[in-house]
Amino acid sequence: MPSYNSIKRIKDTDEKNRVVEKLLALRAQLDKQVPAKTATDTLLLATWNIRAFGDNRRPESLHYIAEIISRFDLVAVQEVSNNMSGLQKTVALLGPNWDYIVTDSTEGTAGGGERMAFIYDRCKVFFRKMAGKIVLPESRLVDKKWQFARTPFTVSFQAGWFRFILTTVHVYYGTSSAEDARRVAEIDAIADFLKARAKKEDESYILLGDFNIFKHSDATMKALTKHGFYIPAAIREHPTDLGKTKYYDQIAFKLKIDHNMTVFSEGKQHAGAFDFTESVYTADDLPVYSGYFPEKYTKDKTDKQISTYYMSNWRTFEMSDHLPMWIELKVDFSNQYLKKIPLDEN
């Protein structure tokens, strides 16, 4: 669990008491909605676009972010800023068993100077010493023109018996159209590239992150699934924007494991999108936080304008405008392996 020592150093008594109260509420919600972590049986994998994740959050918010991340074993994070202070402070709150791997920042206006990261619990997850960015050969360029706006980050991990290569993306958004042409082309390019790699390698691939997919019926989703990536129904049913209308974030699988080893079983294992606004930065909390707003967003503004600023802007830069998407995977195949030994000898 995260460290709570720094809460004692909060000088404002009301703020200190609020952080304690909100953490207790957040922990209760997590207990109810996310499966408990196990020592060896399962892996709780998550992806979270944490909006403009730099040195721009109040310490209160970092406690909430760390609390959420601590409930998983491995989290892919998009939109890490060039300034990594927020990431580093969050990992420090998580404690000494946690570590992270992060890219350098993306150059160019389309990439927004972003980094991508994996944060993981070393008690459960082993880094298999392979990490890199995916740079397309000329024959596979996005729409035959471009590299990715934000280069996908791929890392090899192992949890229990399950070895896998994890690739995280933050796909180009472009226009507000559900089927922006470059966005579709980027998803198609990364899925096709990893399909080719998986075909020639004895590796399981997981592709996850912010795909900026609006609906399942859109060309963006079809560009992902047509290359053989499997998205569990338990993932598909959860939107990940705060308004719960968009399916921006996805976790997709292309696995190479023995036929008797099931990493995810529909109906028996769980997945979801964790809505932190049920516990922290709720709609009812507006009066508590309005004193922190810059004057230009409150002076001569109506109550409705101030509320809109809080709900759609201010709180999204304290937490995020995306919900963390997660899935529970089975990673202990001891029994299956033992049962195979007599068959292998015949």
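For clarity, every value in this text was computed on a predicted model and none was experimentally measured.

## A few points about empty space enclosed by the protein
Which parts of space are left empty comes out when a probe the size of a water molecule is rolled across the atoms. Here the structure, examined in full by the defined rule, presents one cavity of 30 Å³ or more. If you trace the largest cavity, you find it lined by Phe 148, Arg 150, Pro 152, Val 169, His 170, Val 171, Glu 186 and Ile 190. Secondary structure elements with two or more residues in the lining of the largest cavity: strand S7 (162-170) and helix H4 (181-200).

## Some remarks on the pairing of strand S8 (residues 205-210)
Of all six residues in S8, six are buried; the element is thus mostly enclosed. Where S7 meets S8, six bridges bridge the pair, whose relative direction is parallel. Along S8, the bridge assignment pairs Val 169 with Gly 209. For the crossover from S7 across H4 to S8, the handedness is right-handed. Two strands pair when backbone bridges link them, and S8 and strand S9 (residues 249-254) are joined in this way by six bridges, in the antiparallel orientation. Paired with Asp 210 across the bridge in S9 is Asp 249.

## A short note on the sheet that holds strand S2 (residues 74-80)
Ordered in space as S3-S4-S2-S1-S11-S10, the six strands form an open sheet in which the pairing is mixed. In the strand order of this sheet, the two ends are held by strand S3 (98-102) and strand S10 (271-273), each with one partner. Each neighbouring strand pair of the sheet contributes to a mean axis angle of 20 degrees, computed without reference to strand direction. For strand S1 (residues 42-53) and S2, the ladder comprises six bridges, and the chain directions are parallel. Among the inter-strand pairings, Leu 45 is bridged to a residue of S2, identified as Leu 74. Taken strand by strand, helix H2 (residues 59-70) contacts S1, S2, S3 and strand S4 (115-121), and its axis lies near 155 degrees from that of S1.

## A few points about the sheet that holds S8
The mixed open sheet is built from five strands, whose spatial order is S5-S6-S7-S8-S9. The sheet terminates laterally at strand S5 (126-133) and S9, the two strands that pair on one side only. Each neighbouring strand pair of the sheet contributes to a mean axis angle of 20 degrees, computed without reference to strand direction. Against the sheet, H4 touches strand S6 (153-159), S7, S8 and S9, its axis set at about 165 degrees to S8.

## Digging into the environment of Asn 212
Tracing the chain through its elements places Asn 212 in the loop between S8 and helix H5 (219-225). Residue Asn 212 is classed as buried on the basis of its relative accessible area of 5%. The spacing of Asn 212 and Ile 7 is 205 residues in sequence and 36 Å in space, taken between C-alpha atoms. Those residues in contact with Asn 212, other than ones at most four positions away along the chain, are His 170, Val 171, Tyr 172, Tyr 173, Arg 183 and Tyr 248.

## Concerning the pairing of S2
Burial within S2 is extensive, with seven of its seven residues counted as buried. This β-α-β element, S1 to H2 to S2, shows right-handed connectivity. Bridge analysis of S2 against S4 gives five bridges, and the strand direction is antiparallel. Paired with Ala 76 across the two strands is Phe 118, which belongs to S4.

## Section: the environment of Leu 136
In this structure, Leu 136 sits in the loop between S5 and S6. The exposure class assigned to Leu 136 is buried, which follows from its relative accessible area of 4%. C-alpha of Leu 136 to C-alpha of Thr 175: the two residues are 39 residues apart in sequence and 24 Å apart in space. Setting aside chain neighbours within four positions, we find Leu 136 in contact with Leu 141, Val 142, Trp 146, Gln 147, Phe 148, Ala 189 and Phe 193.

## Description of the nonpolar core
Membership of the largest hydrophobic core comes to 103 residues, with the highest contact counts inside it found for Leu 45, Phe 157 and Leu 329. Tallying contributions element by element places H4 first for this core, with nine residues. Excluding its chain neighbours within four sequence positions, the residues that come into contact with Leu 329 are Asp 41, Thr 42, Leu 43, Leu 45, Phe 162, Ile 206, Phe 253, Val 263, Phe 264 and Gln 269.

## A closer look at the pattern of salt bridges
Counted under the stated rule, the structure contains 21 salt bridges. As a salt-bridge pair, Lys 22 and Asp 285 come within 2.7 Å of each other at their nearest N and O atoms. Residue Lys 22 is found in helix H1 (residues 13-33), and its partner Asp 285 is found in the loop between S10 and helix H7 (286-289); the two are separated by 263 residues along the sequence. Residues participating in the shared-partner salt-bridge network are Glu 15, Arg 18, Arg 58 and Glu 60.

## A word on H2
An ideal rise of 1.5 Å per residue puts 16 Å on twelve residues; H2 measures up with 16 Å between its terminal C-alpha atoms. For H2, the buried fraction is high: eleven of the twelve residues fall into the buried class. Burial in H2 covers these residues: Glu 60, Ser 61, Leu 62, His 63, Tyr 64, Ile 65, Ala 66, Glu 67, Ile 68, Ile 69 and Ser 70.

## So, the packing of aromatic side chains
Each aromatic ring pair is described using two quantities: the centre-to-centre distance and the angle formed by the ring planes. Enumeration over the complete set of coordinates arrives at 22 aromatic pairs. Between Phe 72 and Trp 326, the aromatic rings sit 6.4 Å apart at their centres with planes inclined by 35 degrees, giving tilted as the arrangement. A residue pair is termed long-range when its members are at least 10 positions apart, and Phe 72 in the loop between H2 and S2 and Trp 326 in strand S11 (residues 325-330) qualify at 254 residues. Assigned by exposure class, Phe 72 and Trp 326 land together as buried. Geometrically, the ring pair formed by Tyr 292 and Trp 314 is stacked, given 6.4 Å between the ring centres and 10 degrees between the ring planes. Of the two residues, Tyr 292 sits in the loop between H7 and helix H8 (303-318) while Trp 314 sits in helix H8, which places them 22 residues apart along the sequence. For Trp 314, a relative accessible area of 8% gives the class buried. Through a chain of ring-to-ring contacts, the aromatic side chains of Tyr 64, Tyr 281, Tyr 289, Tyr 292, Phe 293, Tyr 297, Tyr 309, Tyr 310 and Trp 314 assemble into a single cluster. Residue placement shows Arg 182 over the ring face of Trp 146; its charged tip is 4.3 Å from the ring centre. Between Arg 315 and the ring centre of Tyr 310, over which it is positioned, the NZ or CZ distance is 5.9 Å.

Cut-off values and rules
- Residues numbered from 1 in each chain as written.
- Predicted model: local features only at pLDDT ≥ 70, side-chain atom pairs only at ≥ 80, totals over all residues.
- Heavy atoms only, no water.
- 1 Å grid on protein atoms, 1.4 Å probe; cavity = no way out; pocket = protein on both sides within 12 Å on 5 of 7 lines; lining within 4 Å.
- Points joined across faces, edges and corners; volume = space filled by probe spheres on them.
- Helix = DSSP H or I, 4+ residues; strand = E, 2+ residues; numbered from the N terminus.
- Buried < 20%, exposed > 50% of the residue type's maximum accessible area, 1.4 Å probe, protein only.
- Pairing = 2+ DSSP bridges.
- Right-handed = clockwise from strand over helix to strand, strands pointing away.
- Axes fitted to C-alpha atoms, helices over the stretch in contact; angles between N-to-C directions.
- Contact = heavy atoms within 4.5 Å.
- Core = buried A, V, L, I, M, F, W, Y, C linked by side-chain atoms within 4.5 Å.
- Salt bridge = Lys/Arg side-chain N within 4 Å of Asp/Glu carboxyl O.
- Expected span 1.5 Å × (residues − 1).
- Phe/Tyr/Trp six-rings, centres within 6.5 Å; stacked < 30°, edge-to-face > 60°.
- Lys NZ or Arg CZ within 6 Å of the ring centre and 35° of its normal.

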